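Residue strings, one per chain:
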Amino acid sequence: GWMLRRLLDQPEHCCGDLPNLGRVKWMRWQDVYKIDALHSRRCALSSFLHSSDTRTRSQRSAFITVASVSSTQTGHNAQNAIDGETQTYWASKFDPAPGIPEVLELRLEKTQPVSGVTIDWEYPAESFDVLLGLRNKWSLFFKADHNSLLKTNAYGPETLADEAKIIMHKPNPEWGMIEGHGLYGIRGVSVDEA
């Protein structure tokens, strides 16, 4: 069968010898048989699963730091989620307990109006919330119950904030797994000023 491909340029070193992945609009599913051989699932899947270009992202992104994280894996600390590097990511512990969410809390450089939060997933959550806080008073900004995207542009009402939380409730059953273990992974987070 055929599947829809987004028109997205991928660097040559990323996608190797796959058939012009960055330039095709349609391709047969069997043409992507080499996906599992790639060094990063992000390379092959980002163009299939992005949600990003449905709204124009603000060019003004806030400077953020990590305030706290509920768990981490060796070599994949929380700082990796905000370091601006595309080759690093934060990863939670394996097999998060049902009913106990994983939380990544971020501190903004200053109090500012926020119009969006972009999450670049390595291992996406199927169910998650984005909360914005001002002086430790939190409000729900965005909620997703059935996410299967590798990049989420979370838009909500413009909110004055100095902190943000990503609360992950359930790993995606297909993309939030590695060798049979569920986990969360975030390659990047940006917070857009209004």
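Just above sits the structure.
As a starting point, this report considers the structure included with it. The structure presented is a predicted model; accordingly, all values stated were derived computationally and were not measured.

Of regular secondary structure, the protein chain possesses two helices and twelve strands. Put simply, the protein chain runs from its N terminus to its C terminus through helices and strands in the order β-α-β-α-β-β-β-β-β-β-β-β-β-β. Residues counted as buried form 50% of the 194 residues belonging to the protein chain. Across the protein chain, the fraction of contacts at a sequence separation of at least 24, relative to all contacts at a separation of at least 6, is 71%. Total accessible area computed for the protein chain in this model is approximately 10,200 Å², and 52% of it derives from carbon and sulfur atoms.

Let us now look at the nonpolar core. Formed by 28 residues in total, the largest nonpolar core has its most connected members in L104, V117, F128, I166, M168, I186 and V189. Of all the secondary structure elements, the ones that give two or more residues to this core are strand 6 (102-123), strand 7 (125-134), strand 8 (137-144), strand 9 (151-171) and strand 12 (185-193). The leading source of residues in this core is strand 6, at seven residues. Residue contacts for I166: discarding those within four places in its chain leaves E102, V103, L104, I119, W121, F128, D129, I186 and V189.

The subject of this paragraph is the side chain of Q73. The residue Q73 is located in the loop between strand 4 (64-69) and strand 5 (90-91) in this model. There is a polar contact of 2.7 Å between the side chain of Q73 and the backbone oxygen of S92.

Of all nine residues in strand 12, nine are buried, a share of seventy percent or more. Here strand 5 runs beside strand 12; their pairing, made up of two bridges, is antiparallel. From the neighbouring strand, W90 faces strand 12, where its bridge partner is I186. In terms of strand pairing, strand 6 meets strand 12 through eight bridges, oriented antiparallel. Residue pairing for strand 12: T118 is matched across the bridge by S190.

Within the chain, D95 stands out as a residue other than glycine whose phi angle is a positive 50°. Looking at the element boundaries, D95 is found in the loop between strand 5 and strand 6. Residue D95 is classed as partly exposed on the basis of its relative accessible area, which comes to 42%.

Definitions and cut-offs
- Residues numbered from 1 in each chain as written.
- Predicted model: local features only at pLDDT ≥ 70, side-chain atom pairs only at ≥ 80, totals over all residues.
- Heavy atoms only, no water.
- Helix = DSSP H or I, 4+ residues; strand = E, 2+ residues; numbered from the N terminus.
- Buried < 20%, exposed > 50% of the residue type's maximum accessible area, 1.4 Å probe, protein only.
- Contact = heavy atoms within 4.5 Å.
- Areas by Shrake-Rupley, 256 points an atom, 1.4 Å probe, with all protein chains shown as cover.
- Core = buried A, V, L, I, M, F, W, Y, C linked by side-chain atoms within 4.5 Å.
- Polar contact = N/O pair within 3.5 Å; in protein donor to acceptor, adjacent residues only side chain to side chain.
- Pairing = 2+ DSSP bridges.

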